[in-house]
Structures are given as C-alpha cells and as structure tokens.
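Residue-level listing of the chains:
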Amino acid sequence: GYNHPLFFMIEINNLSFARGNSLIFKDISFSVKPGQVMVIQGPNGKGKTTLLLNIIQLLDPLNGDVKLNNIKLDNQTASDCFLYLGENNFAYDQMTLSQNIGYWLSIHNVIFAKEIINKSIKYLFGELNLNKMFYQLSFGQKKKLQLLLLMLVNKPIWILDDPFNGLDNNTIKKITTLLAKKVENKGSIIIASHQDLSIPHRKFKLV
C-alpha cells in the first residue's frame with residue numbers, strides 16, 4: 001500500500017460545494033494537526049455530512065482542495081489514511097454480525113486474532129451474540145457495532161459523522177476514551193456532532 005508517515009497535517013483550503021444551483025457551503029478553510037480533534041457544528045441540513053464527504057473525496061467540491069502534509073489528496077491516499085464512519089456505510093442487514101465484522105476487516109486488509117475482536121466486543125457491548133443478523137440489532141447496538149469496527153481498523157485519520165447520536169452515556173464515555181487514545185497516539189479526528197466533547201477539541205461552525 002501507500003507508505004504514509006504516521007502523522008498528518010490536514011488542510012482544508014477554500015472548500016465550496018454546490019448541489020444543483022444551491023451553494024451548500026462556501027470557502028471553508030481549517031487545518032487539523034496530528035493529535036487534534038476538530039468538531040464541525042451546525043444545524044441539521046447545513047452540510048456537515050456533505051463537508052465530511054468532500055474531505056474524504058467521496059464528493060467533489062465546486063472548488064478548493066484538501067491537503068495532507070502539503071500534498072493534494074488523491075483517492076488512493078484518502079482510502080489509505082481516512083477511516084470514515086457515516087450513518088449507513090458499514091454493515092449489511094442480511095449478514096450476521098460475525099460476517100459483517102469479517103467483511104469489514106477484509107475490505108480494510110486487516111487480520112485479527114479472535115481474542116482481540118472478543119476483547120473489543122466485551123469492552124463495548126459486554127455480551128453480544130455474533131450469530132444475530134445485523135437488522136435484528138437495536139439502533140443503539142448498531143451504533144456500537146459501528147464503533148467496534150472503528151476500533152478494529154487503525155487508520156491515521158478518523159472522520160466521524162455524528163458518532164454519539166442515540167447512544168447512552170456509558171457508551172459515550174467509552175467512545176470518548178477511544179478518541180482520547182487516538183489523539184494520544186497522534187491521530188487526527190474530525191467529528192460532526194451536536195454534542196460537546198469532554199476531551200480537548202477545536203470547533204468549526206457551519207452557518
């Protein structure tokens with residue numbers, strides 16, 4: 001794969017995006033250093049998700065660009081460096097949890113010892129029947145599975161779309177601990193969220 005340095009400076013330069021004739025956002029610029037968390041805030045429908053998709057190159061901006069360590073981002077680098085967690089990009093209804101986890105790890109080229117997976121499951125869920133189909137999970141459990149998958153793939157930059165939505169405080173605490181660890185290891189995190197994080201972060205408001 002792409003031989004990337006472990007630490008990244010992300011720069012978003014004058015990013016604008018339009019859908020049809022309507023401008024969703026205009027001239028957005030900010031940077032995130034290694035070991036930093038940036039929280040994107042703003043009312044629903046104001047383009048938070050769209051901005052994240054622009055950053056990870058799943059949508060093309062009208063203008064502006066994204067740079068990693070001063071080099072303009074391309075698709076390959078984006079998929080090597082970014083781990084994106086959105087509303088519904090991560091699991092299949094008709095597969096068991098066990099199959100979903102296996103599939104997720106295989107597309108990200110990760111191989112894991114069973115013990116590590118079991119330990120991570122215990123941490124987030126306590127107990128979980130891996131033979132359950134994904135569609136049988138409650139909303140909260142689906143969110144937790146999403147976060148479990150996040151724990152299992154180590155990419156330098158996490159891009160998280162509303163990760164706390166619908167979760168209980170206990171789970172939010174656990175996730176915040178994971179985020180803190182990521183930052184300690186000099187990872188970078190960009191989160192779209194309504195909630196304030198209990199770890200140091202900077203804010204960017206979409207208006």
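Use the structure listed above.
From a predicted model like this one, the values you see are computed outputs, not experimental measurements. (Residues numbered from 1 in each chain as written. Predicted model: local features only at pLDDT ≥ 70, side-chain atom pairs only at ≥ 80, totals over all residues. Heavy atoms only, no water.)

Overall, the coordinates contain 3 aromatic pairs when judged by the stated rule. An angle of 45° between the planes, with centres 5.0 Å apart, marks the rings of Phe-30 and Phe-204 as tilted. One end of the pair, Phe-30, is in strand S2 (residues 22–32); the other, Phe-204, is in strand S9 (residues 202–205), and 174 residues separate them in sequence. For Phe-204, a relative accessible area of 18% gives the class buried. The aromatic ring of Tyr-123 is capped on one face by Lys-174, whose charged end is 5.6 Å from the ring centroid. (Phe/Tyr/Trp six-rings, centres within 6.5 Å; stacked < 30°, edge-to-face > 60°. Helix = DSSP H or I, 4+ residues; strand = E, 2+ residues; numbered from the N terminus. Buried < 20%, exposed > 50% of the residue type's maximum accessible area, 1.4 Å probe, protein only. Lys NZ or Arg CZ within 6 Å of the ring centre and 35° of its normal.)

In this section: the sheet that holds strand S8 (residues 188–192). Across the sheet, which stays open at both edges, the 5 strands sit in the order S6-S7-S8-S3-S9 with parallel pairing between neighbours. Among the strands making up the open sheet, the edge pair consists of strand S6 (82–85) and S9. Strand-to-strand twist across the sheet, computed as the mean angle between neighbouring axes with direction ignored, equals 15°. Bridge analysis of strand S3 (residues 37–41) against S8 gives 4 bridges, and the strand direction is parallel. Each residue of the ladder has a partner; that of Met-38, found in S8, is Ile-190. Helix H5 (residues 139–152) contacts S6 and strand S7 (157–161) of the sheet and is inclined by roughly 175° relative to S6. (Pairing = 2+ DSSP bridges. Axes fitted to C-alpha atoms, helices over the stretch in contact; angles between N-to-C directions. Contact = heavy atoms within 4.5 Å.)

Here we take up the sheet that holds strand S4 (residues 63–68). The strand order across the open sheet built from 4 strands is S2-S1-S4-S5, with neighbouring strands paired in antiparallel fashion. Only two strands of the sheet have a single neighbouring strand rather than two, namely S2 and strand S5 (71–72). Across 5 bridges, the pairing between strand S1 (residues 10–19) and S4 is antiparallel. Residue pairing for S4: Ser-16 is matched across the bridge by Asn-63. The strands touched by helix H1 (residues 48–55) within the sheet are S1, S2 and S4, with S1 carrying the most contacts at an inclination of about 125°.

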